[in-house]
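# Breakdown of the fold
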Amino acid sequence: MNDLAGARHADARGGPRRRTCALVLAVLLVVSWGVAGLLWKREHDRASVQERIALAHGLALHAAELRGADPSTARDLDLAAVRIHPDEQTRAALIDAMVGMRGKELTLDSSVEVVLSGDGRIALAGGDEVSVWDLTTWLDPEIVNKADQVAVLKDRREGLSTMALSGDGRTALTGGDVGDTIVWDLTHPAKPIRAAALAGGKNAKDDASVLAVALSRDGRTAVIADLGGDLTVWSLTDRSRPVRLSVTRAYPSSVASDLRLSADGGMAVISYRDGAVTVWDLSDPSRPVKSADLALPGEHATATTTAMSADGRVILVAKAYRTGVDNAYWAERAEVWNLDDKSRPVRTAAFDVPLADIYGMALTPDGKTALLAGASESAILWDLSDPSRPARLAALKGYAREISSVALGGDGGVALVAGDGGVFLWDLRGLAEIVADPGRAACGVNPGTEISKADWARYTGGADWSDYKGEHFLDDALAVCFIR
């Protein structure tokens, strides 16, 4: 009896202990199941994200292949990629696709140079023969029949190779091997008037070939760089009676490759074929003074072209430099210089450019947007609003040949590129909204964008599109703007 009572007493004491152990085990089991579930979900979500990334990047690659032959389908695939996984790669692809569809072929005539008025309405393009274009109809989407060139700046002489246009589009310069520069009155673009001829520098006639010309925004100041190394400043206050203000031996050891002038005509930047870049103070046009060189101590790079903001405070310089093992290769970079102090320029940034060479460069008057192009079939827009951190905006694709010259309208709303393949125009109005949110911009233009079930299977490799259908369910198509 005592043994039985003791056993019962032991059972009474052990029961709660066993129940506690069972409860702890149950809690641990539930926790372990929860942890396992969370780990599974995390791994599942991670796999799902990776699947979406791979799908989005695959669609963007297919879009890149289609962009030349079928730009509309390419844009739709790029939009789907952004809706599935918006990252730097998919966003850039959609931006390029949308901007690319805004390009138009202006002319197939080969052009070595193109220039544009400040309002983006008047353009000059060509080489030995310079054509005048009024772009008003080209910038109006409601007008179907676009205007052809309105005039030709006729000059019987051969060897015209450089031109300039004032910001107001009323005055033009053309020059070249002939040794003097022609002043044109474009008050009426369709009826240009040859107003005057500016004689070459004070050197021998053979050295007077004009290499580069520039005009102030109001067209009242002209600056010319010639083969003899002279920099000549002219007053065009009366276009029919130009006055030569000064002739300065600017750089006798090399010849100029391009020339830029500030809007007020008070500062010039010249790049030379030996790679040098010099800044000239023209505040007293009768006595030009070299104020600075745009080069860093010990630098081994060759400048190829330049661009300048209207106030002369921002200068962009393209430079070629050697890189790779034993410096076996040439690469291109662009440098941003600040000239708040003309005598002490400061390089604020340098960035590599994915171009084999840079032949053309343009800068908006405010210095915040740049266009660079060269030995490739595309030009690249850059955001310089923060001069210390240049950022790629978009690539202007669709030009089929090497680009030799580019131009930007005053507000960046119009871009022109020129070369052996002719002249192309891009309407860049609304670019800021596209860059800020390309998906929203695309759906704002065409909210009903669809991809057929057949195309989805073709370009995704048969991915289950039910995983991506949003609120607008269609049996035979995917509503791209509602992809979830």
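Described below are features of the structure shown in this document. (Residues numbered from 1 in each chain as written. Predicted model: local features only at pLDDT ≥ 70, side-chain atom pairs only at ≥ 80, totals over all residues. Heavy atoms only, no water.)

## Details of the overall build of the protein chain
Across its full length, the protein chain carries six helices and 30 strands. Evaluated residue by residue, the protein chain yields a buried proportion of 49% over its 484 residues. Sequence-distant contacts, at least 24 apart, represent 48% of the contacts inside the protein chain between residues at least 6 apart. (Helix = DSSP H or I, 4+ residues; strand = E, 2+ residues; numbered from the N terminus. Buried < 20%, exposed > 50% of the residue type's maximum accessible area, 1.4 Å probe, protein only. Contact = heavy atoms within 4.5 Å.)

## Some points on a negative patch on the surface
A contiguous patch of negative charge, built from Asp119, Asp168, Asp218, Asp264, Asp311 and Asp411, is present on the exposed surface. Mapped onto the elements, aspartate 264 comes out in the loop between β14 (256-261) and β15 (267-272). (Patch = residues over 30% accessible without salt bridge, like charges linked within 9 Å, V, L, I, M, F, W, Y side chains within 5 Å. Areas by Shrake-Rupley, 256 points an atom, 1.4 Å probe, with all protein chains shown as cover. Salt bridge = Lys/Arg side-chain N within 4 Å of Asp/Glu carboxyl O. Lys, Arg positive; Asp, Glu negative; His and termini not counted. Charge placed at Lys NZ, Arg CZ, Asp CG, Glu CD.)

## Quick notes on the nonpolar core
Ranked by size, the top nonpolar core spans 48 residues in total, and within it Leu396 and Trp426 carry the most contacts. Of all the elements, helix α2 (residues 71-84) adds the most residues to this core, at seven residues. Counting residues in hydrophobic clusters, the runner-up holds 18 residues, among them Leu316, Met361, Ala370 and Leu384. (Core = buried A, V, L, I, M, F, W, Y, C linked by side-chain atoms within 4.5 Å.)

## Some remarks on the layout of surface pockets
If you roll a probe as big as a water molecule over the atoms, it shows you where there is empty space left. The space that makes up the second largest pocket amounts to roughly 260 Å³. What lines the second largest pocket is a set of 14 residues, among which Thr369, Leu393, Asp411, Leu431 and Ala432 lie closest to the centre. Top contributing element to the lining of the second largest pocket by residue count: helix α4 (residues 431-436), with three residues. Looking at the lining of the second largest pocket, its residues break down into five nonpolar, five polar and four charged. (1 Å grid on protein atoms, 1.4 Å probe; cavity = no way out; pocket = protein on both sides within 12 Å on 5 of 7 lines; lining within 4 Å. Points joined across faces, edges and corners; volume = space filled by probe spheres on them. Nonpolar A, V, L, I, M, F, W, Y, C, P; charged D, E, K, R; others polar.)

## Focus: helix α3 (residues 88-100)
In a regular helix each residue adds 1.5 Å, so 13 residues correspond to 18 Å; α3 covers 18 Å between its end C-alpha atoms and thus fits that length. For α3, the full list of buried residues reads Thr90, Ala93, Leu94, Ile95, Asp96, Ala97, Met98 and Val99. Where α3 begins, the side chain of aspartate 87 points an oxygen toward the backbone nitrogen of glutamine 89, at a separation of 3.2 Å. (Expected span 1.5 Å × (residues − 1). Polar contact = N/O pair within 3.5 Å; in protein donor to acceptor, adjacent residues only side chain to side chain.)

## Observations regarding the pattern of salt bridges
A side chain with one charge can pair with a side chain of the opposite charge if their charged atoms come near. This model, assessed by the stated rule, comprises 16 salt bridges. A salt bridge links aspartate 258 to arginine 260, with the shortest nitrogen-to-oxygen separation between them at 3.9 Å. On the basis of relative accessible area, aspartate 258 is assigned to the buried category, the value being 9%. Exposure remark for arginine 260: the relative accessible area of 26% places this residue in the partly exposed category. Among the salt bridges present, the one from aspartate 455 reaches arginine 458, with a minimum N-O distance of 2.2 Å. Within this pair, aspartate 455 and its partner arginine 458 are both found in helix α6 (residues 453-460), separated by three residues, close to a single helical turn. The exposure class assigned to aspartate 455 is partly exposed, which follows from its relative accessible area of 23%. Linked by salt bridges that have partners in common, Lys319, Arg333, Glu335 and Arg347 make up one network.

## Thoughts on the packing of α2 against α3
At a minimum axis distance of 9 Å, the contact between α2 and α3 shows a crossing angle of 150 degrees. The orientation of α2 with respect to α3, classified from their angle, is roughly antiparallel. Between α2 and α3 lies a crossing whose hand is left-handed. Where α2 abuts α3, its residues Arg75, Asp78, Leu79, Ala81 and Val82 lie against Thr90, Arg91, Ala93, Leu94, Ala97 and Met98. For the contact of α2 with α3, the per-class residue count stands at seven nonpolar, one polar and three charged. (Axes fitted to C-alpha atoms, helices over the stretch in contact; angles between N-to-C directions. Parallel < 35°, antiparallel > 145°, perpendicular 65-115°, else oblique. Left-handed = near helix turned anticlockwise from the far one by under 90°.)

## Remarks on the side chain of arginine 333
Turning to its location among the elements, arginine 333 is positioned in strand β20 (residues 329-338). Residue arginine 333 is classed as buried on the basis of its relative accessible area of 15%. Reaching out from arginine 333, the side chain makes a polar contact with the side chain of glutamate 335 at a distance of 2.9 Å.

## What to know about the sheet that holds strand β3 (residues 122-126)
Read across the sheet, four strands follow the order β2-β3-β4-β5 without closing on themselves; strand pairing throughout is antiparallel. Of all the strands in the sheet, just β2 (113-116) and β5 (151-153) have a single pairing partner and so form its edges. Adjacent strand axes in the sheet meet at a mean angle of 25 degrees, parallel and antiparallel pairs treated alike. Pairing analysis gives four bridges linking β2 to β3, with the strands arranged antiparallel. Paired with leucine 116 across the bridge in β3 is alanine 123. (Pairing = 2+ DSSP bridges.)

## Some points on the sheet that holds strand β26 (residues 403-408)
Across the sheet, which stays open at both edges, the four strands sit in the order β1-β28-β27-β26 with antiparallel pairing between neighbours. Strands with a single pairing partner mark the edges of an open sheet, and in this sheet they are β1 (103-107) and β26. For this sheet, the mean angle separating the axes of adjacent strands, direction not counted, is 25 degrees.

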